Amino acid sequence: MSFLSPIDLRILDDWQRDLPLTERPFATMAAALDCDEETLLADLARLRAAGTMARVGATCRPNTVGVSTLAALAVPEWRIEDVAQIVGAEPGVNHSYLREHDWNIWFVATAADADELAAMLARIEMQSGLRVLRLPLKRAFNVDLGFRMAGPRHALSLDQPADTSVLQPADRKLLQRLTEGLPLVSEPFAALGAELGLGAQEVIARIKALLAARIITRIGVIVRHRALGWRSNAMVVWKLPDARIAAAGQALVRQPGVTLCYERHGTPDWDHTLFCMVNAKSRAEAAGVIADAAALPELSGAERQVLFSVRCFKQTGAQIDHRSARTPEAAE
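Reading the values: the criteria
Residues numbered from 1 in each chain as written. Predicted model: local features only at pLDDT ≥ 70, side-chain atom pairs only at ≥ 80, totals over all residues. Heavy atoms only, no water. Core = buried A, V, L, I, M, F, W, Y, C linked by side-chain atoms within 4.5 Å. Buried < 20%, exposed > 50% of the residue type's maximum accessible area, 1.4 Å probe, protein only. Helix = DSSP H or I, 4+ residues; strand = E, 2+ residues; numbered from the N terminus. Contact = heavy atoms within 4.5 Å. Polar contact = N/O pair within 3.5 Å; in protein donor to acceptor, adjacent residues only side chain to side chain. Arc of directions from axis to C-beta. Axes fitted to C-alpha atoms, helices over the stretch in contact; angles between N-to-C directions. Parallel < 35°, antiparallel > 145°, perpendicular 65-115°, else oblique. Left-handed = near helix turned anticlockwise from the far one by under 90°. Pairing = 2+ DSSP bridges. Salt bridge = Lys/Arg side-chain N within 4 Å of Asp/Glu carboxyl O. Phe/Tyr/Trp six-rings, centres within 6.5 Å; stacked < 30°, edge-to-face > 60°. Lys NZ or Arg CZ within 6 Å of the ring centre and 35° of its normal.

Chemist: Could you give an account of the nonpolar core, naming the residues involved and the relevant values?
Modeler: One broad rule of soluble globular proteins: the nonpolar side chains tend to lie buried together. With 38 residues, the main nonpolar core has Phe 26, Leu 40, Leu 44, Val 56, Leu 178, Phe 189 and Val 221 as its most contacted residues. Contributions of two or more residues to this core are made by helix H1 (6-14), helix H2 (25-32), helix H3 (37-50), strand E1 (53-60), helix H6 (171-180), helix H7 (188-196), helix H8 (200-212) and strand E7 (216-223). It is H8 that provides the largest number of residues to this core, a total of five residues. In contact with Leu 44, not counting residues within four places along its chain, are Ile 11, Phe 26, Met 53, Val 56, Leu 184 and Val 221. Phe 141, Ala 286, Leu 299 and Ala 302 belong to the second-largest nonpolar core, a separate cluster that totals 24 residues.

What follows is the structure, given as structure tokens:
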């Protein structure tokens, strides 16, 4: 992990959400951090270049302005590098990990619609010669991965449904830009609006509306937790009768150390449909969180599998609008 100054730590810990929605948000942040705007912008650029920060931007709720699925492949060990490249070459794949399981390459695929998503997964199957396990989202209990790195781990907030009725035609392109990251300039919303044919206040108003509708889950500093020491990360999957899923999911989001929780549609090959993520600095710490979760009354008797992440192949913002998405080189 690169050296982090006290200001770096505050940037990464205090500003993962609630970016000031003003014409000069970085000036407001700088004032709170007791530094000047120019210094803050330089620090943000340095953190991004070092890989500890992915971007300053937004995360969007799955399946609100497109469709997505969690997917997996069972890849022979000698083919892992080759197949990971096939998966990662798809622009719609925004997360891809190697995990400890027979189904070992896991990825999230996002597309504008169901047909585009199906075509993407079909290409992966054709090029790899392997069957893709598809596990689309059924119900979210919490899908916000922003968590503080300092101090005790806190319980999550229960998720609420998104209101997609607020969506306007221009929002897709706006959301695409926000998931790629704001330009690190004094007036980022004006710069973004100039590209989209909107004024800065129009951009801010749309962001506020999309946040209120829970289509944007948060806007702020998007941290790369693995680069900051959170390397023992486990996807824990639980097998329960449908009637017990809701109570179990609600109990998991109240469990400190759990960072994501959702229900997915199962298949004959995968019948553990309640998922949660545990992000920790050591395997022992992760094991403790998992043991505490397994002891919850709502999870009594539940079969579980623990899939530790071994390697991260790809981690980017979701592709919401493929027609306007930038290449990584073009994005600010």
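Chemist: Please provide a residue-by-residue account of the side chain of Asn 279, values included.
Modeler: Here Asn 279 lies in strand E10 (residues 274-280). There is a polar contact of 3.3 Å between the side chain of Asn 279 and the side chain of Asn 233. Within the local environment of Asn 279, its side chain forms a polar contact with the side chain of Thr 259, the two groups lying 2.5 Å apart.

Chemist: Can you lay out helix H4 (residues 80-88) for me, pointing to particular residues and giving the numbers?
Modeler: Residues three or four positions apart in an α-helix share a direction because the helix packs 3.6 residues into each turn. Burial in H4 covers these residues: Ile 80, Val 83, Ala 84, Ile 86 and Val 87. Down the axis of H4, the buried set is contained in an arc of 160°. They therefore lie on one face. On the buried face of H4, the contacting elements are strand E2 (67-73), strand E3 (93-99), strand E4 (105-111), helix H5 (114-128) and strand E11 (303-315).

Chemist: Give a description of the packing of H6 against H7 that names residues and reports values.
Modeler: The description of two packed helices rests on the angle between their axes and on the distance between the axes. Axis separation between H6 and H7 bottoms out at 11 Å; the angle between their running directions is 140°. Classified by the interaxial angle, the pair formed by H6 and H7 is oblique. Crossing hand, H6 versus H7: right-handed. Judged by residue contacts, Lys 173, Leu 174, Arg 177 and Leu 178 of H6 engage Leu 192, Glu 195 and Leu 196 from H7.

Chemist: Run through the sheet that holds strand E6 (residues 137-142), naming residues and quoting values.
Modeler: The strand order across the open sheet formed by nine strands is E5-E2-E4-E3-E11-E8-E10-E9-E6, and the pairing between neighbours is antiparallel. Two strands in the sheet have a free side with no partner beyond their single neighbour: strand E5 (133-135) and E6. Between one strand and the next, the sheet's axes are offset by a mean angle of 30°, whatever the strand orientation. Direction of pairing for E3 relative to E11: antiparallel, over a ladder of five bridges. Looking at the pairing, Ser 96 lines up with Lys 314 of E11. Sheet contacts for H5: E2, E3, E4 and E5; angle to E4, the most-contacted strand, approximately 145°. Sheet strands touched by helix H10 (residues 283-294): strand E8 (232-239), strand E9 (258-264), E10 and E11. Its angle to E8, the strand with the most contacts, is close to 20°.

Chemist: Explain the pattern of salt bridges to me, using residue names and the numbers behind them.
Modeler: Following the criterion strictly, the structure yields 16 salt bridges and no others. Here Glu 100 makes a salt bridge to Arg 283, at a shortest N to O gap of 2.9 Å. Taken together, the residues Glu 100 in the loop between E3 and E4 and Arg 283 in helix H10 connect sequence positions 183 residues apart. Overall, Arg 283 belongs to the partly exposed group, its relative accessible area being 44%. Overlapping salt bridges bring together Asp 8, Asp 43 and Arg 46 as one network.

Chemist: I'd like a rundown of the pairing of E10, residues and numbers included.
Modeler: Of all seven residues in E10, seven are buried, a share of seventy percent or more. Both faces of E10 are covered, namely the face carrying Leu 274, Cys 276, Val 278 and Ala 280 and the face carrying Phe 275, Met 277 and Asn 279. Note: E8 against E10, seven bridges, orientation antiparallel. When the sheet's bridge partners are listed, Trp 238 is paired in E10 with Leu 274.

Chemist: Give me unusual backbone geometry: which residues, what numbers.
Modeler: We note that Asp 18 has phi near 60°; this positive angle belongs to a residue other than glycine. Relative to the helices and strands, Asp 18 resides in the loop between H1 and H2. Its relative accessible area of 60% is what places Asp 18 among the exposed residues. Backbone geometry at Arg 214 places phi at a positive 65°, although glycine is not the residue there. Position of Arg 214 among the secondary structure elements: in the loop between H8 and E7. A relative accessible area of 32% places Arg 214 in the partly exposed class.

Chemist: Explain the packing of aromatic side chains to me, using residue names and the numbers behind them.
Modeler: Scanning all chains against the criterion turns up two aromatic pairs. Look at Trp 106 and Trp 270: their rings are 5.2 Å apart centre to centre, the planes differ by 70°, and that puts the pair in the edge-to-face class. With Trp 106 in strand E4 and Trp 270 in the loop between E9 and E10, this pair connects stretches of sequence that are 164 residues apart. Taking the relative accessible area as the measure of exposure, Trp 270 reaches 3% and is therefore buried. Judged by centre distance (5.8 Å) and plane angle (25°), the ring pair of Tyr 262 and Phe 275 falls under stacked. With Tyr 262 in strand E9 and Phe 275 in strand E10, the pair connects residues that are 13 residues apart, well separated along the chain. For the cation-ring pair, Arg 264 lies above Phe 275, with the distance from its terminal atom to the ring centre recorded as 5.9 Å. One residue, Arg 283, lies across the ring of Phe 308, its end atom 3.9 Å from the ring centre.

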